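Residue-level structural notes
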Amino acid sequence: CRVEYLNYEVLDDHGWDIDDEDLFEEAANGGLDREDYGQFWVRPRESLLEAAERHGFAWPFACRGGACANCAIIILEGEMRTRVDHVLPPEMLDKGFQLSCNGMPVSDELQVLYNVKHMPELEELLL
Ligand code: FES
């Protein structure tokens, strides 16, 4: 699966919003560091977090077991399945939130916003 990722923390700096239709296009042309925007491949049976780490990125995490939500991401395009999730309520799953520590892509392409643990919805859930 090919993943296109964007760091949630850069949105404010650029005046972008998560609901912008061309958010990823703007990010692609925004001159961002590779750490904040780019693409990588996830291997079969590899979690999204593992793949990010294999590519040298330090995405947030804590428990790695589906219990803390530090590793949360938002899927904007594509599909991912999280095996163990003890923390995200259904209404957040509906909005596209998932856990990268044990979530594995099931579509060929994925667009994700990572580092979303600073969103107000999530700060309440973080242990
Ligand atoms: Fe704790 Fe993923 S790192 S839920």
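Below you will find a few notes about this structure. For every chain, the first residue of its written sequence is number 1, and the numbers climb from 1 along that sequence. Where local features are concerned, this predicted model is filtered to residues with pLDDT of at least 70; where side-chain atom pairs are given and counted, the filter is 80 or more; whole-chain, interface and lining totals use all residues. Side-chain calculation: all heavy atoms of the structure are included, whereas hydrogens and water are not.

**Side note on the packing of aromatic side chains**
Our working definition: To pair, rings of Phe, Tyr and Trp, with the six-membered ring standing in for Trp, must have centres within 6.5 Å; the planes then decide the type, stacked if under 30 degrees apart, edge-to-face if over 60, and tilted in the middle. To qualify as a helix, a DSSP run of H or I must reach at least 4 residues; to qualify as a strand, a run of E must reach at least 2; elements of each kind are numbered from the N terminus. Buried, partly exposed and exposed residues are distinguished by accessible area as a fraction of the type maximum, computed with a 1.4 Å probe on protein chains only: under 20%, between the cut-offs, and over 50%, respectively.
This structure, assessed with the given rule, holds 8 aromatic pairs. Taken together, a centroid distance of 5.3 Å and an interplanar angle of 55° make the contact between Tyr5 and Phe57 tilted. Here Phe57 lies in the loop between α3 (48–54) and β3 (72–77) and Tyr5 lies in strand β1 (residues 2–7), a separation of 52 residues in the sequence. Under the relative-accessibility criterion, Tyr5 is labelled buried at 0%. A residue is classified by how much of its surface remains accessible, and Phe57, at 10% relative accessible area, is buried.

**Side note on the sheet that holds strand β7 (residues 109–114)**
Using the following cut-off: Between any two strands, pairing holds if DSSP finds at least two bridges. A fitted line through C-alpha atoms represents every axis, and for helices the fit uses only the stretch in contact; the resulting angles, taken between N-to-C directions, go from 0 to 180 degrees.
With mixed pairing, 5 strands are arranged side by side in an open sheet as β2-β1-β7-β3-β5. Of all strands in the sheet, those bounded by a partner on one side alone are β2 (37–41) and β5 (97–99). Each neighbouring strand pair of the sheet contributes to a mean axis angle of 35°, computed without reference to strand direction.

**Let's talk about the environment of Ile74**
Quick note on the threshold: Residue contacts follow a heavy-atom distance rule, with two residues in contact if any of their heavy atoms lie within 4.5 Å.
In this structure, Ile74 sits in strand β3. Separated by 37 residues in sequence, Ile74 and Gln111 have C-alpha atoms that sit 8.5 Å apart. Not counting residues up to four positions away in its chain, the partners in contact with Ile74 are Ile18, Lys95, Gly96, Phe97, Gln111, Val112, Leu113, Val116 and Met119.

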